[in-house]
Amino acid sequence: MADGGLNLRDSIRLAESILVRPEALALELERPDRDPFGLNLPPITGSGGSSLTPDAGTLKVMATLYLQAELEQAGVVAVAEVLSGERYQLTIYSDRTAGLLEEFARRKRDWPDRRTREQIFGRVFGFGSLGSLQESSLTNRDFQTKLAAFCLEIRRIAMDLRWRNNVSPMLEAGWRQTAVDLLVNLGERRYGDLSSAARRIQEQLSSAITLLSDEGLGQAFGTRGMWSILRAVLGDNTPDFARLTTRGQSGLHLLNWLATVLPAISDKNPQRRILEGGSPVFGWAESWLTATGFDAAGSNPAMRRAA
């Protein structure tokens, strides 16, 4: 069975590829007769008859936002903002490093500030450390629970496939229900210009990674590499980078994959099962569960609060 291995560079590349043509994507989404991903997606509807879930394009954008949200908790953008703001107090000997700091400071006015980013992540995923965000009625308090249930059902199927060739109909039905629950939860958060927000944050994140990975900046702190620089700046407040990056990458891949199977989930009379042995989805779900604090047996959902 594929392990769904994760690599941050590849995950960042995937997130960027989703947002590569935002103008074209927006035009395509405005056409009711056109599915930009060629899925001919039938909506999952509620009793009122209106679509309750995000379409494939919006769900893919949400996938990139999820990676951004987890890396926000790792302090990647926030530390780059602080260093660029204090660039004249840093001991920098490299013209390239000085240029990167100056460029980040110059572009900062065009990017969302930390409070705005946390408001976006809080509304869509329930993330954030601001007091007002925690008390806000707009905060998506149920997303983490829905995603956990979704991953736990995938884990159950993976365990079942160890003993049989096909997924049992009961487990298939349970997994589909958690998928629908997750989609409906995100459907309530699909409003607003998420594509534009995700694109701007992705530019900001990519620039922050480039800056923090710069060798000249590392020399100013007597170290090298983005994670070492983050540790040097954050000190005792350094979060668990491995946990946050694993959650972010696995969540990105899971939501992006979910967007590609929306028609099959919507089908009330499926001709074939969606999850089969060898799918990398099992590895992504297991990675998210482990990083979140679920034990291997899935019996103790010991959710650890994100930093």
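Residues numbered from 1 in each chain as written. Predicted model: local features only at pLDDT ≥ 70, side-chain atom pairs only at ≥ 80, totals over all residues. Heavy atoms only, no water.

A look at the overall build of the protein
Now for step 1: Summing up its helical and strand segments, the protein has 15 helices and zero strands in all.
Now for step 2: Among the 307 residues that make up the protein, the fraction classed as buried is 48%.
Now for step 3: Accessible area for the protein stands at about 15200 Å²; split by element, carbon and sulfur atoms hold 48% of it. (Helix = DSSP H or I, 4+ residues; strand = E, 2+ residues; numbered from the N terminus. Buried < 20%, exposed > 50% of the residue type's maximum accessible area, 1.4 Å probe, protein only. Areas by Shrake-Rupley, 256 points an atom, 1.4 Å probe, with all protein chains shown as cover.)

Details of the packing of aromatic side chains
Now for step 1: Applying the stated criterion to the full structure yields nine aromatic pairs.
Now for step 2: The interplanar angle of 45° and the centroid separation of 6.2 Å between the aromatic rings of Phe125 and Phe127 together place this pair among those described as tilted. (Phe/Tyr/Trp six-rings, centres within 6.5 Å; stacked < 30°, edge-to-face > 60°.)

A closer look at helix 3 (residues 56-73)
Now for step 1: For helix 3, which comprises 18 residues, the first-to-last C-alpha distance of 26 Å matches the rise-based estimate of 26 Å (1.5 Å per residue) to within 8%.
Now for step 2: Most of helix 3 sits out of view: 18 of its 18 residues are buried.
Now for step 3: Between the side-chain oxygen of the N-cap and the backbone nitrogen of Gly57 there are 3.2 Å, and the N-cap of helix 3 in question is Asp55.
Now for step 4: Directly after helix 3, the chain includes Gly75, whose backbone phi takes a positive value near 85°. (Expected span 1.5 Å × (residues − 1). Polar contact = N/O pair within 3.5 Å; in protein donor to acceptor, adjacent residues only side chain to side chain.)

Here's the deal with the pattern of salt bridges
Now for step 1: Applying the stated criterion across every chain, the model contains twelve salt bridges.
Now for step 2: Residue Glu72 pairs with Arg117 through a salt bridge whose shortest N-O separation is 2.7 Å. With a gap of 45 residues between them, Glu72 in helix 3 and Arg117 in helix 6 (residues 114-125) connect regions that are remote in the sequence.
Now for step 3: For Glu72, a relative accessible area of 8% corresponds to the buried category.
Now for step 4: One salt bridge connects Glu203 with Arg107, and the closest N-O pair in it is separated by 3.6 Å. A residue pair is termed long-range when its members are at least 10 positions apart, and Glu203 in helix 10 (residues 194-212) and Arg107 in helix 5 (residues 95-107) qualify at 96 residues.
Now for step 5: Take Glu203: its relative accessible area is 36%, and that puts it in the partly exposed class.
Now for step 6: Exposure remark for Arg107: the relative accessible area of 24% places this residue in the partly exposed category.
Now for step 7: What emerges from the salt-bridge pattern is a single network uniting Glu72, Glu81 and Arg117. (Salt bridge = Lys/Arg side-chain N within 4 Å of Asp/Glu carboxyl O.)

Let's talk about the nonpolar core
Now for step 1: Ranked by internal contacts, the top residues of the largest apolar core, which has 80 residues, are Val76, Phe125, Phe150, Trp257 and Leu258.
Now for step 2: No other element matches helix 3, which puts ten residues into this core.
Now for step 3: If we skip the residues at most four places from it in the chain, Trp257 touches Phe150, Trp175, Ile274, Leu275, Val281 and Trp284. (Core = buried A, V, L, I, M, F, W, Y, C linked by side-chain atoms within 4.5 Å. Contact = heavy atoms within 4.5 Å.)

Examining the confidence of the model for the protein
Now for step 1: Taken residue by residue, the protein gives an average pLDDT of 82. The fraction at 70 or more is 79%.
Now for step 2: Note on residues 22-50: pLDDT is under 50 here. Beyond four places in sequence and across chains, it has 38 contacts.
Now for step 3: Between residues 298-307, whose pLDDT stays under 50, and residues either more than four places distant or in other chains, the model counts 22 contacts. (pLDDT = per-residue confidence, 0-100.)

Focus on helix 15 (residues 281-292)
Now for step 1: With twelve residues, helix 15 extends 16 Å between its outermost C-alpha atoms, agreeing within 8% with the 16 Å of an ideal straight helix rising 1.5 Å per residue.
Now for step 2: The buried count for helix 15 comes to nine of twelve residues, which makes it a mostly enclosed element.
Now for step 3: Among the residues making up helix 15, those that are buried are Val281, Phe282, Gly283, Trp284, Ala285, Trp288, Leu289, Ala291 and Thr292.
Now for step 4: Looking at the buried positions of helix 15, the neighbouring elements they touch are helix 3, helix 8 (143-160) and helix 13 (241-260).
Now for step 5: Downstream of helix 15 by one or two residues, Gly293 has phi in the positive range, about 115°.

Some points on the packing of helix 9 (residues 169-187) against helix 13
For any two helices packed against each other, the geometry is given by the interaxial angle and the distance between the axes.
Now for step 1: Contact geometry of helix 9 with helix 13 gives a least axis separation of 12 Å together with a crossing angle of 100°. Our classification of the angle between helix 9 and helix 13 gives roughly perpendicular. Seen from helix 9, the contacting residues are Trp175, Ala179, Leu182, Leu183 and Leu186; seen from helix 13, they are Leu255, Trp257 and Leu258.
Now for step 2: Among the residues forming the contact of helix 9 with helix 13, the class breakdown is eight nonpolar, no polar and no charged. (Axes fitted to C-alpha atoms, helices over the stretch in contact; angles between N-to-C directions. Parallel < 35°, antiparallel > 145°, perpendicular 65-115°, else oblique. Nonpolar A, V, L, I, M, F, W, Y, C, P; charged D, E, K, R; others polar.)

A look at the environment of Leu217
Now for step 1: Position of Leu217 among the secondary structure elements: in helix 11 (residues 215-220).
Now for step 2: When the C-alpha atoms of Leu217 and Tyr93 are compared, they prove to be 8.9 Å apart, with 124 residues separating the residues in sequence.
Now for step 3: Discounting residues that sit within four places of it in the chain, Leu217 has contacts with Leu83, Leu90, Ile92, Thr97, Leu211, Leu212 and Ile229.

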